[in-house]
Structures are given as structure tokens and as C-alpha cells.
Amino acid sequence: QGGQPEPLSPIYFGGCPPHPYRYVFTWHCPDGPGFSCPFLIDTSGAYFRRDGIAGNYLGSMSPPEEEEPDPSDLSVDHDFFQERIWPQLARRVPAFESLRPRGSWAGYYDYNTFDRNGVLGPHPKLENLFLAAGFSGHGLQHAPAAGKAVAELVVKGRYETLDLQRLGWRRLVEGEPLVEEGVV
């Protein structure tokens, strides 16, 4: 095993479960929510956002863990949209009762499988390795704060603006998850 990290090391990836994948669907609904509608996550887990300016939207919903699709097959389950997502969308936004599906795709959903939260800060064993990763779909939202925090660590040796120690490697090494339930 020369050059391989130990199996329980936080940098070991060979034993991680396969990443789940998600379906994303697009639809057209000229009477749907306007430009002021934000990215919306319904309490059911269904979510959507506008896609451009012509009444187009994209969204989806994560299946329950026991119904995760087989990660070796990236086929889209269109019945999942028809039977599970569309009813939730129409309940939340009545105009979506008349939406017209346009397209779909499936892809792997990359996130920290330990606790679904980002990992931020210096690596506990590798000198001069700072990490800001594992944020899943939150990455773009958290990027400004995560970037500033890592810059402070590199330049000043500590967090100054926001104390983000809770997102550090310690929780992985000690097996103490900081669970993020808001992953869609």
C-alpha cells in the first residue's frame, strides 16, 4: 500500500460510498412565478428556480435515502417527476399545474458523505494544505465567506471575520458530524 492513506484517514476516498445522483428537470410555464421569485425549496423537499427570462424553470427533489437510484445507471426516471415532484410543485405554485416538461438530465451529486457539510481549514496531517470543499450545492452560496476565511487562515493564521472552526477537519477525525439537513 505504498503511497496510500490509511483507511480511516480523512483523506482516504477509496472506501467512500458511491456518490448519489440526482435528476434535474426543466419545464415551461408562462404563468409561473416572476423574476422576483427566489430559488425556492418547499417543505416537501421539491425545489425550483427560474431558468432565464422566458417562463422556463428547473428543479427537482431528492428521493428518500431508501429510494436512491442505482449510481451505476444515469438514466432519468421521468415517472419520479410526474408522480413525486410535479404534484408538490403544483401544490406550492398552482400555476405549475399547467407546466410543460421540457428536458431532464441526471448527474452525480458531489458532497461530503460524512455529514453533508463543507470541510474548511488546514488539513490535520498535511502541512500547507488548506481546504474548502464538500459544500455540495451550497458551494456557490458559501464561496465568498469560505474564501475569505481560508485567506485569513493563510495570511493571519486564524479566523477573524467569522469563526468557522466548526467546519474544520477535527469533526471528521473525531467522528463528530455536524449534520446539514438542508441538502436537496
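Attention here is on the structure that accompanies the text. Since the structure is predicted, the reported quantities are computational estimates derived from the model, not experimental observations.

Reading the values: rules and limits
- Residues numbered from 1 in each chain as written.
- Predicted model: local features only at pLDDT ≥ 70, side-chain atom pairs only at ≥ 80, totals over all residues.
- Heavy atoms only, no water.
- Helix = DSSP H or I, 4+ residues; strand = E, 2+ residues; numbered from the N terminus.
- Buried < 20%, exposed > 50% of the residue type's maximum accessible area, 1.4 Å probe, protein only.
- Contact = heavy atoms within 4.5 Å.
- Core = buried A, V, L, I, M, F, W, Y, C linked by side-chain atoms within 4.5 Å.
- Expected span 1.5 Å × (residues − 1).
- Bend = angle between axes of the 7 residues up to and from the residue.

**Here's the deal with the side chain of Arg 171**
Next up, step 1: Topologically, Arg 171 is positioned in helix α3 (residues 170-173).
Next up, step 2: The class of Arg 171 is buried, set by a relative accessible area of 3%.
Next up, step 3: Dropping the residues within four chain positions of it, Arg 171 is found in contact with Asn 112, Phe 114, Asp 115, Asn 117, Gly 118, Val 119, Arg 166, Glu 176 and Leu 178.

**A short note on the nonpolar core**
Next up, step 1: By size, the foremost hydrophobic cluster in this structure holds 21 residues, and its most contacted members are Trp 27, Phe 48, Phe 81, Ile 85, Leu 89, Phe 96 and Leu 99.
Next up, step 2: For this core, the secondary structure elements donating two or more residues are β1 (21-28) and α1 (78-92).
Next up, step 3: Counting residues per element, this core draws most heavily on α1, which supplies six residues.
Next up, step 4: Not counting residues within four places of it along the chain, the set of residues in contact with Leu 99 comprises Trp 27, His 28, Cys 29, Phe 81, Trp 86 and Leu 89.

**Comments concerning α1**
Next up, step 1: Over its 15 residues, α1 runs 20 Å from end to end, which matches the ideal 21 Å to within 8%, given 1.5 Å per residue.
Next up, step 2: The largest bend in α1 is about 40 degrees, located at Ile 85, with the proline Pro 87 one to four residues further on.
Next up, step 3: Residues Phe 80, Phe 81, Ile 85, Trp 86, Leu 89 and Ala 90 constitute the buried set of α1.
Next up, step 4: Structurally, α1 contributes buried residues whose contacts are with β1, β3 (47-50), β4 (56-60) and β5 (100-108).

Don't take any of this as a statement about function, it's just geometry.
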